[in-house]
Amino acid sequence: MPEGVPSIDFVAGQWDGPRDHWAAAFTPGNERFSGHLPTLVGAPDALARTYYLAAWQAVRGDAGPRAAALLEPAGTRARLLAALARDAGDFRAVEAYLVLTGELDLLAEKVGAATVLDHLRALATAPDEPGTVAVDAARVGRGRALAALLRRVGEPDEAAAVELAVVDRARGVLGRYAGGGQFRAGETPDDFCAVAAEMPEFLDLRQRAEMVEFADRQLRDAPPGPVAYALCRLGRPDRAVVLLTGAARPGADELEAILAGLFGIRADFAGWEAGTRRRARRGLGRLHNGPGIG
């Protein structure tokens, strides 16, 4: 772990757990966790404070999909398989684990009567009935992810069929767009975040701009993490930073937004082939000792 990172020291001074746990969380090859979190170095104080306070919550057990897979891959693997066995799996959590660990063989492992890949198919396959804007946008995102995974494992025909269904569902979501960043069903933070995070590729430049402005007008009091990640997906990390640095109680969502939105820690099947690429944001510092990062 880099010596003398001020925000690590600042948070460590408030840490109420075993001191060795906090240092171990950022140390590769530590004896406490099966993995570790990257350190954020050279960042503005306000952003570093948000990152390390959110990391503190991850060390205490409140971790999103990326942070869990990075900090405790062994425990995360066991927890995900147990959830699949109960038919209570989380597609995105399994996706993040597989991409960040590269454990492709897990897809063939049996959990109950089905393989992990079969469970992912079931989790991504949506019924024909339309749901809310947020629900259908999430289905679009899972469908695109499943198609990318199927291509990865040598199932191009099935992938193509999934992609056709995804396009139809995305058209259905955008058919409910009413302009000005709002949807006919009535815009909520969940709708905004799901559309921006899960299907930004289907939005045109006008829709993207309107949604960014809508977030500025209407979502200032919404939880900052999901909105910040959505803004990053819309191509506005500058707006996301403002929300993240102002977070009063940073937690799992804020940590995910920083890891994925600002610094591009890839944890999606669509980006698996490309892998995680080091992303430098001018004036925001850099991540050290993370996946694919020196």
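Quick summary incoming for the structure in this document.

Moving on, we come to the overall build of the protein chain. Of regular secondary structure, the protein chain possesses 14 helices and six strands. Buried positions account for 50% of the 294 residues belonging to the protein chain. Of the contacts made within the protein chain by residues no fewer than 6 positions apart, 65% connect residues no fewer than 24 positions apart. On the protein chain, roughly 13400 Å² of surface is accessible, and the fraction owed to carbon and sulfur atoms is 50%.

This part takes up the packing of aromatic side chains. If you walk through the whole model with that rule in mind, you get five aromatic pairs. Pairing Tyr 177 with Phe 183 gives two aromatic rings, centres 5.3 Å apart and planes at 75°, and the pair type is edge-to-face. Its relative accessible area of 9% is what places Tyr 177 among the buried residues. Look at Phe 183 and you get buried, because its relative accessible area is 3%. Each member of the aromatic cluster is reached from another via a ring pair, and the members are Trp 22, Phe 26, Tyr 51 and Tyr 52. The cationic tip of Arg 32 hangs over the ring face of Phe 33; the distance from NZ or CZ to the ring centre is 4.7 Å.

Definitions and cut-offs
- All residue numbers refer to positions counted from 1 along the written sequence of the respective chain.
- Reporting in this predicted model follows two pLDDT cut-offs: at least 70 for local features of residues, and 80 or more for side-chain atom pairs to be given and counted; totals over whole chains, interfaces and linings ignore these cut-offs and use all residues.
- Only hydrogens and water are removed before side-chain values are computed, so all heavy atoms of the structure are retained for them.
- Under the scheme used here, helices are H or I runs from DSSP no shorter than 4 residues and strands are E runs no shorter than 2 residues, and both carry numbers assigned from the N terminus.
- When a residue's accessible area, from a 1.4 Å probe over protein chains only, is under 20% of the maximum for its type it is buried; when over 50% it is exposed; and in between it is partly exposed.
- Here a residue-residue contact requires only that any non-hydrogen atoms of the pair lie within 4.5 Å.
- What sets the accessible areas is the Shrake-Rupley method with a 1.4 Å probe; for residues, cover comes only from the shown protein chains.
- Any Phe, Tyr or Trp ring, taking Trp's six-membered ring, that has another such ring centre within 6.5 Å forms a pair; planes under 30 degrees apart are called stacked, those over 60 apart edge-to-face, and the others tilted.
- We call a charge positioned above a ring when the Lys NZ or Arg CZ atom is no farther than 6 Å from the ring centre and deviates by at most 35 degrees from the ring normal.

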